Amino acid sequence: MSEILVTGGLGYIGSHTVTCLSEAGYDVVIIDNLSNSMLDTLDTLRELCSGTITFYEVEMCRQEELNAVFEKHPNLAGVIHFAALLQVNESVQQPVRYYRNNLDSTLNLIDACAQFKVSSVVFSSSCTVYGQPEMIPVDESAPIAEAESPYGSTKIMCERIFRDACEVLNLNVLSLRYFNPIGAHPSAKIGEVQHGEPHHLVPYITETAIGKREVLKVFGSDYDTRDGSCIRDYIHVMDIAEAHVAAIGNLIDGKTTGFDPINLGSGTGQTVIEMITAFEAATGLSVPYVLADRRPGDVEKVYANIGKATSVLGWRPTRGLEETLKSAWVWEQRQPAN
Ligand code: WQD
């Protein structure tokens, strides 16, 4: 069966995508440097998946390590590239580390694809490339903003690198711009692993609900929105994962040539307070919160126009907010107490 290379395949979105690739009948080759993931996720994936899953601990910033994987797998049908450092605030403190890691790994991947004649690449991008769009829902024709963080800059730069490489190489790239992925696999055996205090909203909600955190701070209540808190587009990670299977299939079938960006969101926007209320309604739990100052770097409101994902990939999200938040809660309950 066709083999797909998944870089960063032990991470949050990568691991969920591996389950969907396997379900679609692909064999999967995962490379990961374990900087933001755990090896026991591999055992869980092998438990969840029927297809072959091969793993290599690889530092993609070392070209020879990456090439060795391509040499061992000469028939790769395509690559899904998740591997990246992705903590927005950490990127502000460590910009050079973020540029070197996220750009070198991508440049090395392009070189390996050219050398070993792999022409189909799905790239993990982000709605962060839009900054605060003029028009919402935002579509892929919106201008690329000045990044709010080095992390955001690396996503913008990697898209540019792929776009230029596609012009001169036999390379076709679908760049999937995620909005806010949340939730966990229905088995609750994989999900978004937290290392220390959560940065993102939904893990903070679930940790507050379970008692790990005293109170949730709502960062900003004076925005120009329904209730003053920020609006985002939250989407089940399994919907995101399924879109990656559709995207790699589209490329393998030769339906996309060159570089093409595609939004992956629910197409709807919720405020922070609406998310808290929705979580409480979905679980019957209460989430104590306080209104706090705005968080630097946050945009006020953004949610996706997903018409292109539907027309190009034949994809649309199928999981509603209640199901998604419940999956996050079930995952939280399986995490260690401390
Ligand atoms: C969502 C909203 C916060 C925590 C990030 C990345 C983005 C993409 C998705 C990768 C904001 C508010 C949060 C809290 C809060 N990731 N909030 N209290 O910042 O929209 O996007 O994840 O591609 O690149 O930046 O997600 O979950 O951090 O915040 O009020 O304790 O929740 O202010 O309005 P964000 P988030």
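Parameters at a glance
- Residues numbered from 1 in each chain as written.
- Predicted model: local features only at pLDDT ≥ 70, side-chain atom pairs only at ≥ 80, totals over all residues.
- Heavy atoms only, no water.
- Helix = DSSP H or I, 4+ residues; strand = E, 2+ residues; numbered from the N terminus.
- Buried < 20%, exposed > 50% of the residue type's maximum accessible area, 1.4 Å probe, protein only.
- Contact = heavy atoms within 4.5 Å.
- Near = heavy atom within 4 Å.
- Polar contact = N/O pair within 3.5 Å; in protein donor to acceptor, adjacent residues only side chain to side chain.
- Nonpolar A, V, L, I, M, F, W, Y, C, P; charged D, E, K, R; others polar.
- Domains from an automatic or database assignment.
- Pairing = 2+ DSSP bridges.
- Salt bridge = Lys/Arg side-chain N within 4 Å of Asp/Glu carboxyl O.
- Disulfide = S-S within 2.5 Å.

A. Broad picture of the overall build of the chain. Helix and strand content of the chain: eleven helices and 13 strands. Here the C-alpha coordinates of the chain stretch approximately 55 × 45 × 40 Å along the principal axes. Residues counted as buried form 53% of the 338 residues belonging to the chain. In the chain, the share of contacts with a sequence separation of at least 24, taken over all contacts with a separation of at least 6, comes to 81%.

B. Representation of the site of the ligand within the structure. As a structural note, the neighbourhood of the ligand is formed by 20 residues, with Y151, L201, K217, R232 and D298 the closest of them. Contacts to the ligand include K217, whose backbone N or O atom sits 2.7 Å from a nitrogen atom. F219 is positioned such that a nitrogen or oxygen atom in its backbone is 2.9 Å from an oxygen atom of the ligand. Within the residue set of the shell around the ligand, elements represented by two or more residues are α7 (201-210) and β8 (216-219). Ranked by the residues each element gives to the shell around the ligand, the list is headed by β8, at four residues. Looking at the shell around the ligand, its residues break down into eleven nonpolar, five polar and four charged. Counting the residues that make up the shell around the ligand, at least three belong to each of domain 1 (3-182 + 235-265 + 309-313) and domain 2 (201-232 + 267-306 + 319-330).

C. Local environment of the side chain of S91. Of note, S91 is situated in helix α4 (residues 88-93). Sequence-distant contacts of S91, that is, excluding residues within four places in its chain, are made with Y98, S149, P150 and Y151.

D. Quick peek at the pairing of β8. Side chains L216 and V218 project from β8 onto a buried face, and the interleaved K217 and F219 project onto a face without burial. Relative to strand β13 (residues 289-292), β8 is paired through four bridges, and the arrangement is parallel. Counterpart to K217 in the pairing with β13 is V290.

E. Representation of the environment of P186 in the model. With respect to the helices and strands, P186 occurs in the loop between β7 (180-182) and α7. Considering only alpha carbons, one finds P186 and V330, 144 residues apart in sequence, at a separation of 8.9 Å.

F. Region of interest: the domain arrangement of the chain. If you check the domain split of the chain, you get domain 1 (3-182 + 235-265 + 309-313) and domain 2 (201-232 + 267-306 + 319-330). Taking the mean C-alpha position of each, domain 1 and domain 2 sit 26 Å from one another. In this complex, domain 1 contributes 20 residues to the contact, which on the side of domain 2 involves 18 residues. Here domain 1 and domain 2 share two salt bridges between them. A salt bridge links E242 to R319, with the shortest nitrogen-to-oxygen separation between them at 2.7 Å. Across the contact surface, domain 1 and domain 2 share ten residue pairs in polar contact (both at pLDDT 80 or more). Every element with two or more residues in the side of domain 1 that touches domain 2 is listed here: β7, α8 (237-252) and α10 (307-313).

G. Representation of the state of the cysteines in the model. Considering all chains together, one arrives at zero disulfides under this definition. A disulfide-free cysteine, C158 has its sulfur positioned 11 Å from the sulfur of C61, the nearest such atom. Exposure remark for C158: the relative accessible area of 2% places this residue in the buried category. Here C166 is not disulfide-linked; the sulfur of C113 is the nearest cysteine sulfur, at 10 Å. The buried category is assigned to C166, whose relative accessible area is 11%.

H. How the structure looks around the pattern of salt bridges. Counting across every chain of the model gives 16 salt bridges. E300 serves as the salt-bridge partner of K301, at 4.0 Å between the closest nitrogen and oxygen. According to the relative accessible area criterion, E300 is partly exposed, its value standing at 23%. Among the charged side chains, a network of salt bridges with common partners joins R232, R295 and D298.

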